[in-house]
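Listed here are the chains, written in short residue letters.
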Amino acid sequence: MLDQRATDPRTPGTATRGETVPTVPPAETAADAVDVTALLERGRTLATPVLKAAVDRLAAPMDTVAAYHFGWIDAKGNPADGDGGKAVRPALAVLSAQAAGAAPEVGVPGAVAVELVHNFSLLHDDLMDGDEQRRHRDTVWKVHGPAQAILVGDALFALANEILLELGTVEAGRATRRLTTATRALIDGQAQDISYEHRDRVSVEECLEMEGNKTGALLACACSIGAVLGGADDFTADTLEKYGYHLGLAFQAVDDLLGIWGDPEATGKQTWSDLRQRKKSLPVVAALAAGGPASERLGELLAEDAKASDFENFSEEEFAARAALIEEAGGREWTAQEARRQHTIAIEALDAVQMPDRVRAQFVALADFVVVRKR
Ligand SMILES: CC(C)=CCC/C(C)=C/CC/C(C)=C/COP(=O)(O)OP(=O)(O)O
């Protein structure tokens, strides 16, 4: 059995078979009074008008394609109130501006810029992975074709930089620098993720580095650029960036659990989405590293799968059998523990920054949400 507990301080897990995501440690639920739904809604409400104005700048048909992706219209072009995502990154950006002593509105350009980069990456990711469902509807490449998915993704990336640079301030320059660095990390992470699909073995350390790049970097950036726009010095921005990075690792660990055991009704994606992609996500690499009969059988099966010409036609039962082996080898429980461990590191990072108790409680509440979420 893979035993990282000898080298890290995480507490033994309490997740039981059948539990999708980890429970939050009681010591970290001091934010009970915070309404996370309202916090996420605030980020979305502040960011959406600016996001819509940015999308309106795109030439046709990219403006329409982007509006479909964000859920503002349906595939036929009729107005819609679709799932535009959880808006975790905008919530972090406006809260980070507050942590720096500014009004939440000051963080809005950062919130929008990060959300644009996030959505650029989703458009390209769905195309690369051949995913047909996101946010409970057909993906952009499926509805509008691969060329539009590539172009609109590229355009959103350009818009993100435009939105910040148009502010014309020193802070905006610092924020843009942080955004481009995070975007490069995101791209590195995606390259690592894709290359790992073709490898038999990936270490847990490699997987964590990849997930830190593809997910940690952008959540970290949401925090740091919100803080920078709010007037924070580099120490404060870097500290909030550390919170966001570990929050991102917790977020991705939960995403990996949902990618195998998530309920498609809640996630809005296909069943077994990560297994269908041969993803070396945390539950898989932890299970392969664990040793023992289930781990060895899983290794053999995945090696056979890598050569199978009919993999795309595998039945639900075949994916379920792989998921069961991952769980039996301990990969599910290990990943749930890792999410809790990263959640704790994120919250501890907040101690280095002076901020109003209420703002700190909101950061804690967002971290709690990240590890218990079902979508
Ligand atoms: C360059 C490139 C193609 C990079 C791709 C990187 C990539 C797809 C990383 C995954 C990040 C992630 C957890 C997305 C879901 O976020 P979420 O659950 O917050 O999504 P939501 O906005 O739909 O809620």
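About the thresholds
Residues numbered from 1 in each chain as written. Predicted model: local features only at pLDDT ≥ 70, side-chain atom pairs only at ≥ 80, totals over all residues. Heavy atoms only, no water. Helix = DSSP H or I, 4+ residues; strand = E, 2+ residues; numbered from the N terminus. Rg over C-alpha atoms; globule rule 2.2 N^0.38 Å. Buried < 20%, exposed > 50% of the residue type's maximum accessible area, 1.4 Å probe, protein only. Contact = heavy atoms within 4.5 Å. Areas by Shrake-Rupley, 256 points an atom, 1.4 Å probe, with all protein chains shown as cover. Lys, Arg positive; Asp, Glu negative; His and termini not counted. Charge placed at Lys NZ, Arg CZ, Asp CG, Glu CD. Disulfide = S-S within 2.5 Å. 1 Å grid on protein atoms, 1.4 Å probe; cavity = no way out; pocket = protein on both sides within 12 Å on 5 of 7 lines; lining within 4 Å. Points joined across faces, edges and corners; volume = space filled by probe spheres on them. Expected span 1.5 Å × (residues − 1). Salt bridge = Lys/Arg side-chain N within 4 Å of Asp/Glu carboxyl O. Polar contact = N/O pair within 3.5 Å; in protein donor to acceptor, adjacent residues only side chain to side chain. Near = heavy atom within 4 Å. Nonpolar A, V, L, I, M, F, W, Y, C, P; charged D, E, K, R; others polar. Core = buried A, V, L, I, M, F, W, Y, C linked by side-chain atoms within 4.5 Å.

Looking at the overall build of the chain
Now for step 1: Broken down by element type, the chain carries 16 helices and two strands.
Now for step 2: For 375 residues, the compact-globule estimate of 2.2 N^0.38 gives 21 Å, and the C-alpha radius of gyration of the chain, at 20 Å, lies within 12% of that figure.
Now for step 3: For the chain, buried positions account for 57% of its 375 residues.
Now for step 4: Restricting to contacts in the chain with at least 6 residues of sequence separation, those with at least 24 account for 77%.
Now for step 5: Roughly 15500 Å² of accessible area belongs to the chain as shown, and the carbon and sulfur atoms make up 54% of that amount.
Now for step 6: Charged side chains in the chain number 38 positive and 58 negative. The centres of these two groups are separated by 0 Å.

Comments concerning the state of the cysteines
Now for step 1: Scanning all chains against the criterion turns up zero disulfides.
Now for step 2: In this structure cysteine 221 is a free cysteine whose sulfur lies 9.0 Å from that of cysteine 223, the closest cysteine sulfur available.
Now for step 3: Judged by its relative accessible area of 2%, cysteine 221 falls in the buried class.

Focus on the layout of surface pockets
Now for step 1: Computed from the structure, the largest pocket encloses a volume of approximately 960 Å³.
Now for step 2: Those elements that provide at least two residues to the lining of the largest pocket are helix H3 (88-99), helix H4 (108-129), helix H7 (170-197), helix H8 (204-229), helix H9 (234-261), helix H10 (264-267) and helix H11 (273-276).

Focus: H4
Now for step 1: The end-to-end C-alpha distance of H4 is 31 Å, a good match for the 32 Å that 22 residues give at a rise of 1.5 Å each.
Now for step 2: H4 sits mainly inside the fold: 20 of its 22 residues count as buried.
Now for step 3: Following H4 by one or two positions, glycine 130 adopts a phi angle in the positive range, close to 70 degrees.

Topic: the side chain of arginine 89
Now for step 1: With respect to the helices and strands, arginine 89 occurs in helix H3.
Now for step 2: As a buried residue without a salt bridge, arginine 89 has its nearest oppositely charged side chain in glutamate 115, at a separation of 4.8 Å.
Now for step 3: For arginine 89, the side chain forms a polar contact with the side chain of histidine 118, separated by 3.3 Å.

Some remarks on the site of the ligand
Now for step 1: In the region of the ligand, 18 residues are neighbours, and Lys86, Arg89, His118, Arg135 and Gln190 sit closest.
Now for step 2: Note that an oxygen atom of the ligand is positioned 2.5 Å from one of the side-chain N or O atoms of lysine 86.
Now for step 3: Look at the ligand: alone it shows 630 Å² of surface, and the protein chains cover 93% of it.
Now for step 4: Put simply, the parts of the chain that give the shell around the ligand at least two residues each are H4, H7, H8 and H9.
Now for step 5: Across the shell around the ligand, the residue classes tally to five nonpolar, seven polar and six charged.

Quick word on the pattern of salt bridges
Now for step 1: Applying the stated criterion across every chain, the model contains 23 salt bridges.
Now for step 2: Arginine 134 serves as the salt-bridge partner of aspartate 126, at 2.8 Å between the closest nitrogen and oxygen.
Now for step 3: Owing to a relative accessible area of 5%, aspartate 126 belongs among the buried residues under this scheme.
Now for step 4: On the basis of relative accessibility, which here comes to 14%, the residue arginine 134 falls in the buried class.
Now for step 5: In this structure, glutamate 316 engages arginine 276 in a salt bridge whose closest nitrogen and oxygen atoms are separated by 2.8 Å. One end of the pair, glutamate 316, is in helix H14 (residues 316-328); the other, arginine 276, is in helix H11, with 40 residues separating them in the sequence.
Now for step 6: We classify glutamate 316 as partly exposed; its relative accessible area is 39%.
Now for step 7: We classify arginine 276 as partly exposed; its relative accessible area is 21%.
Now for step 8: Here the salt bridges do not stand alone but share partners, grouping Asp129, Asp193, Glu197, Lys214 and Lys279 into one network.

Some remarks on empty space enclosed by the protein
Now for step 1: Under the definition given, this model contains two cavities of 30 Å³ or more.
Now for step 2: The calculated volume of the largest cavity comes to roughly 60 Å³.
Now for step 3: Lining the largest cavity are Tyr68, His69, Asp126, Arg134, Arg135, Arg137, Asp138, Thr139 and Val140.
Now for step 4: Elements with a contribution of two residues or more to the lining of the largest cavity: helix H2 (62-69) and strand E2 (137-138).
Now for step 5: Of the residues assigned to the lining of the largest cavity, the class counts are two nonpolar, two polar and five charged.
Now for step 6: Quantified by volume, the second largest cavity comes out at close to 30 Å³.
Now for step 7: Around the second largest cavity, the lining residues are Asp131, Glu132, Gln133, Lys269, Gln270 and Ser273.
Now for step 8: Taken together, the residues of the lining of the second largest cavity sort by class into no nonpolar, three polar and three charged.

Digging into the nonpolar core
Now for step 1: Within the largest apolar cluster, 95 residues are counted, with the highest numbers of intra-cluster contacts made by Leu92, Leu116, Leu156, Leu179, Tyr243, Phe363 and Leu366.
Now for step 2: Ranked by residues supplied to this core, first place goes to H8 with 14 residues.
Now for step 3: Residues in contact with leucine 92, not counting those within four places in the same chain, are Leu219, Ala222, Cys223, Tyr243, Leu247 and Leu366.
Now for step 4: Counting 20 residues, the second largest nonpolar core, distinct from the first, contains Trp272, Leu301, Leu325 and Ile326.

Structural notes on helix H12 (residues 282-290)
Now for step 1: In terms of burial, H12 is a largely internal element, eight of the nine residues being buried.
Now for step 2: Residues of H12 that are buried: Leu282, Pro283, Val284, Val285, Ala286, Ala287, Leu288 and Ala290.
Now for step 3: Of the residues flanking the end of H12, it is glycine 291, one or two places downstream, whose phi is positive at about 75 degrees.

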